[in-house]
Amino acid sequence: MANININEVNRIAAGAIFKGDIATTNDIRIDGTFEGRLYSEARVVVGEKAVVKGDIFCTFVDFNGTMTEGRFYVKDTLTLKAGCSVHGDLFFERLQVELDAKFIGKCQVIGDAEYDKVSDPMRALLK
């Protein structure tokens, strides 16, 4: 595992509310409220008290919080942690679900080509 510089991890802190689009090449952690579309070429971590409404495009996601509506598009592994609550659709290469994770929506395995197609508009924000 590569060393990650803590200053290169983006963060939406507890108590913060962010509405809009985010595109980053680095990891991002959400502990507050996020509403919009998020694209990360790395890992997204959503904390236990975080609330998400929108679409997340990333390589990996560890989801602990609440998604009120939206979609995950995950190039590699989506992990739903114990106690999380997701009302949305999941598109991923690999799925890991811990005991007591709650999910309402559809699940679908997708490959790299399909991920690239749906994430291209968000990736374009980095240019």
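Above this text sits the structure in question.
Note that residues are indexed from 1 along each chain, following the sequence as it is written. Note on the predicted model: pLDDT of at least 70 is required for a residue's local features to be given, and 80 or more for side-chain atom pairs to be given and counted; whole-chain, interface and lining totals, by contrast, use all residues. No hydrogens and no water enter the side-chain calculation; it runs on all heavy atoms of the structure.

Q: Quick rundown of the environment of Ile-104? Include the residues and the values.
A: Only DSSP runs of H or I reaching four residues or more are called helices, and only runs of E reaching two or more are called strands; each is numbered from the N terminus. You can see Ile-104 is positioned in strand S10 (residues 102-104). Separated by 17 residues in sequence, Ile-104 and His-87 have C-alpha atoms that sit 4.8 Å apart. For Ile-104, the contacting residues outside a window of four places in its chain are Val-86, His-87 and Gly-88. Note on definitions: a residue-residue contact is assigned when non-hydrogen atoms from the two residues lie within 4.5 Å.

Q: An account of the environment of Ala-124 is requested, with residue identities and associated values reported.
A: Relative to the helices and strands, Ala-124 resides in the segment after helix H1 (112-123). The exposure class of Ala-124 is partly exposed, given its relative accessible area of 43%. Between the C-alpha atoms of Ala-124 and Tyr-39, which are 85 residues apart in sequence, the distance is 9.9 Å. Burial classes follow relative accessibility: with a 1.4 Å probe on protein chains only, a residue under 20% of its type's maximum area counts as buried, one over 50% as exposed, and anything between as partly exposed.

Q: Pulling in residues and values, what's your account of the nonpolar core?
A: Buried Ala, Val, Leu, Ile, Met, Phe, Trp, Tyr and Cys residues that are joined via side-chain atoms within 4.5 Å together make up what is termed a nonpolar core. The biggest cluster of nonpolar side chains holds 24 residues, and the ones touching the most others in it are Leu-38, Val-44, Phe-63, Phe-72, Leu-78, Leu-80 and Val-86. Elements with a contribution of two residues or more to this core: strand S3 (28-30), strand S4 (33-40), strand S5 (43-46), strand S6 (51-63), strand S7 (66-80) and strand S9 (89-97). Excluding residues within four positions of it along the chain, Val-44 makes contact with Ile-28, Leu-38, Ile-56, Cys-58, Phe-60, Val-61 and Asp-62.

Q: Let's hear about the pattern of salt bridges: which residues, and what values?
A: A carboxyl oxygen of Asp or Glu within 4 Å of a side-chain nitrogen of Lys or Arg is what we treat as a salt bridge. A complete count under the given rule lists 10 salt bridges for this structure. Of the charged contacts in the structure, one is a salt bridge between Asp-116 and Arg-123, with a shortest N-O distance of 3.7 Å. On the accessibility criterion, Asp-116 (26% relative accessible area) is partly exposed. Close ionic contact of Asp-120 with Arg-123 constitutes a salt bridge, the shortest N to O distance being 2.5 Å. Placement of both Asp-120 and Arg-123 in helix H1 is noted, with a separation of three residues, approximately one turn of the helix. Linked by salt bridges that have partners in common, Lys-75, Asp-116, Asp-120 and Arg-123 make up one network.

Q: With reference to specific residues and values, describe unusual backbone geometry.
A: Phi at Asp-100 is positive, roughly 80 degrees, even though this residue is not glycine. As for its placement among the helices and strands, Asp-100 is situated in the loop between S9 and S10.

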